[in-house]
Amino acid sequence: MDLKIYILFWQAFLAGLALGAASGPVGVFLILRRDSLLPHALTHVAFTGVALGFLLHGAPLPLTLLVTVLAAFAVMHIREKAGIYEDTAVGILAGLGLALAVVLASLARSYDVRLLTYLFGNILVITPEEAFLALGLALLILLTLARFWEALLFVSFDEESARASGLRVKLLKLLLALLTALLVVIGMRLIGLLLISALMVIPGAAALEVARSFRQSLWFSALFGTLSVAGGLVLSVLLDLPPSGAIVLFSGFIFLGGFLVRRTVV
Amino acid sequence: MNPVIELEKVSFAYEEEPVLEEVSLRIYPGDFCALIGPNGSGKSTLLKIVVGLLQPQSGRVRLFGEDLSSFRQWWRIGYVPQKVTALVDRALPLTVYETVALGLLNKPVGKSEQAQRIAEALETVGLPGASGRLLRELSGGQQQRVFLARALVGEPEVLLLDEPTTGVDFAAQEKFYDLLGELNRRGLTILIVTHDIAMVDRHVKQVACLNRRLVFHGEHSEFCRHPEICGFFSGGHHILGHCH
């Protein structure tokens, strides 16, 4: 295969690698908080933002970001104040989000291929502007994690002690929800709403399998996230596969490798 | 001498169920006080109020003479919550070093000082050289010591522990209480919630008995002179068997 074909897709590689590097570490914190389903629920709500964008004839991206961030904060609030089981709150949010999206999309008469591009993404056709936006947001997420990873670890691992030590726990939890919402929005054009949550959770889970420290698990998760995107994109171009599916399947192979390594070597 | 912890007529209820009723308690520098009482007597609730995890419905709490609502010097207090070892998941690759380092988040120090303090804290709890080990690979007793190191690494003046030896075998409990005694002799003020009357009898200096209200607070020796209180709070035979 000619190398030139990959150069043609430089935007896809740039945005995808940035997304992969940022999504893995955020996924590690979500797993640690037993919150792996939160991004899945947020993708359903993000779909509402997309449909709302179509209905109002506005840009879907900012509206989706707004709706997703609000939903992330709402689910946290509901879980803390309403005394509802965490997975129940997530289940309600996901169901209502998708239902609202379907209604709004119907009202906007936008049941067409435009919706499908948000559901399944299409990383190979993104514009340079979208690629740089994804890169910028991913860098912002990584810099935030570099600054706050220990505090997020404390809150995720032992919230009671973190609170007792004077950390601003609520703010840190909001920060994690915000980072998750940002990743959902970046990922919807690249990987698609249906699969972006997998790119957050699977590389993080693979990293936790093989890491010998928490810091190492963050590095590994970023590495596995980027490897998933790179490997998936190469497979997609070589075998003419849908890129989002190939990327997530590749991450699944990495997880399987990590799972086997831990049980045989570590 | 001013109290380091001062509760004045503190009341707390979970929804309609009162847990603490007008509890007043003072802990002074150098105290090693056990907070005992039957299940549901409000021991853990009281500790959570002291560290700001719960807000009392009425009454005042002061730490180091400052009202709890304005208190910000949380590094002066070390806290080991109940069942903390249950958080150690076999899927989590958290090292001992990383765990203890969390205790310095409210008192940031340079990297080299951080390493030195963590080494000292681990030395204090009898786990020198364990910093690179994974928490999940340690025994329950060792994990408990790591969490104690996390509470100590910020060099607090007061240590609060909520049933720290639950699920730990007798020998490890004995070593744990010996360690607390040693820390107390070095000047650390300790308030510990426990059900373990045998350990209280052997190691602590003061006893505070709760049953929604504070029924007794004083020297351990005085506590033992009240068999009716002993019996009421410990089912009789446990504590009476140990009181001198």
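Q: Just checking my understanding: could you explain the overall build of chain B for this structure?
A: When helices and strands are tallied, chain B shows nine helices and 10 strands. Taken over the C-alpha trace, chain B has a radius of gyration of 18 Å; the compact-globule value for 244 residues is 18 Å, and the two agree within 12%. The dimensions of chain B, computed from C-alpha atoms along their principal axes, are 50 × 40 × 35 Å. Relative to its full complement of 244 residues, chain B shows a buried share of 56%.

Q: When you look at the environment of valine 50 of chain B in this model, what are you seeing that I'm missing?
A: All names here are of chain B. Considering the arrangement of structural elements, one finds valine 50 in helix H1 (residues 43-50). Residues valine 50 and leucine 68, 18 residues apart in the sequence, show an inter-C-alpha distance of 7.8 Å. With residues near it in sequence (within four places) discarded, valine 50 still touches Ile5, Leu7, Val61, Leu63, Leu68, Trp74 and Leu160.

Q: What's the story with helix H6 (residues 113-120) of chain A in this structure? I'm lost.
A: Helical geometry: 3.6 residues make up each α-helical turn, so side chains three or four residues apart lie on a common side. Residue and element names in this part refer to chain A. For H6, the complete set of buried residues consists of Leu115, Tyr118 and Leu119. The buried residues of H6 occupy an angular sector of 100 degrees when the element is viewed end-on, so they sit on one face. Where the residues of H6 are buried, they touch helix H3 (38-55), helix H4 (60-81), helix H5 (86-107) and helix H9 (169-190). Positive phi shows up at glycine 121, right after H6, with a value of about 65 degrees.

Q: Any chance you could explain the pairing of strand E7 (residues 158-162) of chain B here in plain terms?
A: The side chains of a regular strand alternate between the sheet's two faces. All names here are of chain B. Counting buried positions along E7 gives five out of five residues, so the element sits mostly inside the fold. Residues of E7 alternate between two faces, with Val158, Leu160 and Asp162 on one and Leu159 and Leu161 on the opposite face, all of them buried. The pairing of strand E6 (residues 77-80) with E7 spans four bridges and is classified as parallel. Paired with glycine 78 across the two strands is leucine 159, which belongs to E7. Between the parallel elements E7 and strand E8 (residues 189-193), the chain passes through helix H5 (residues 170-185) in a crossover that is right-handed.

Q: Looking at this model, I keep getting lost on the sheet that holds strand E10 (residues 213-219) of chain B. Mind explaining?
A: Paired through their backbone hydrogen bonds, the strands of a sheet run either parallel or antiparallel. Residues and elements named next belong to chain B. Spatially, six strands are ordered E6-E7-E8-E3-E9-E10 in an open sheet, and the strand pairing comes out mixed. The open sheet has two edge strands with one neighbour each: E6 and E10. Across the sheet, the mean angle from the axis of one strand to that of its neighbour is 15 degrees, orientation sign disregarded. Pairing between strand E3 (residues 32-36) and E8: four bridges, direction parallel. Pairing of cysteine 33 across the sheet is with leucine 191, part of E8. Relative to E8, H5 is tilted by about 150 degrees, and along the sheet it contacts E3, E7 and E8.

Quick notes on the rules
- Note on numbering: residues in each chain are counted from 1, in written sequence order.
- Chain letters and ligand numbers both follow the written order, the letters beginning at A and the numbers at 1.
- Owing to the predicted nature of the model, reporting of local features is limited to residues with pLDDT of at least 70; listing and counting of side-chain atom pairs is limited to 80 or more, with chain, interface and lining totals taken over all residues.
- Based on all heavy atoms of the structure, the side-chain values leave hydrogens and waters out of the count.
- For the purposes of this entry, the term helix denotes a DSSP run of H or I that reaches at least four residues, the term strand denotes a run of E that reaches at least two, and both are numbered from the N terminus.
- Atoms considered for the radius of gyration are the C-alpha atoms alone. The globule rule reads 2.2 Å times the number of residues to the power 0.38.
- Throughout, exposure labels follow a simple rule: accessible area from a 1.4 Å probe, protein chains only, divided by the maximum for the residue type, with under 20% read as buried, over 50% as exposed, and the rest as partly exposed.
- Contacts are residue-level and defined by heavy atoms, with any inter-residue pair within 4.5 Å sufficient.
- This arc is built from the directions going out from the helix axis to the C-beta atoms.
- A pair of strands is considered paired only if DSSP assigns at least 2 bridges between the two.
- The definition of a right-handed crossover adopted here requires that, viewed with the strands pointing away, the path from the first strand over the helix to the second runs clockwise.
- An axis is simply a line fitted to the C-alpha atoms; with a helix, the fit covers only the stretch in contact. Between two such axes, the angle follows the N-to-C directions and lies from 0 to 180 degrees.

Spatial relationships are all this shows, so hold off on functional conclusions.
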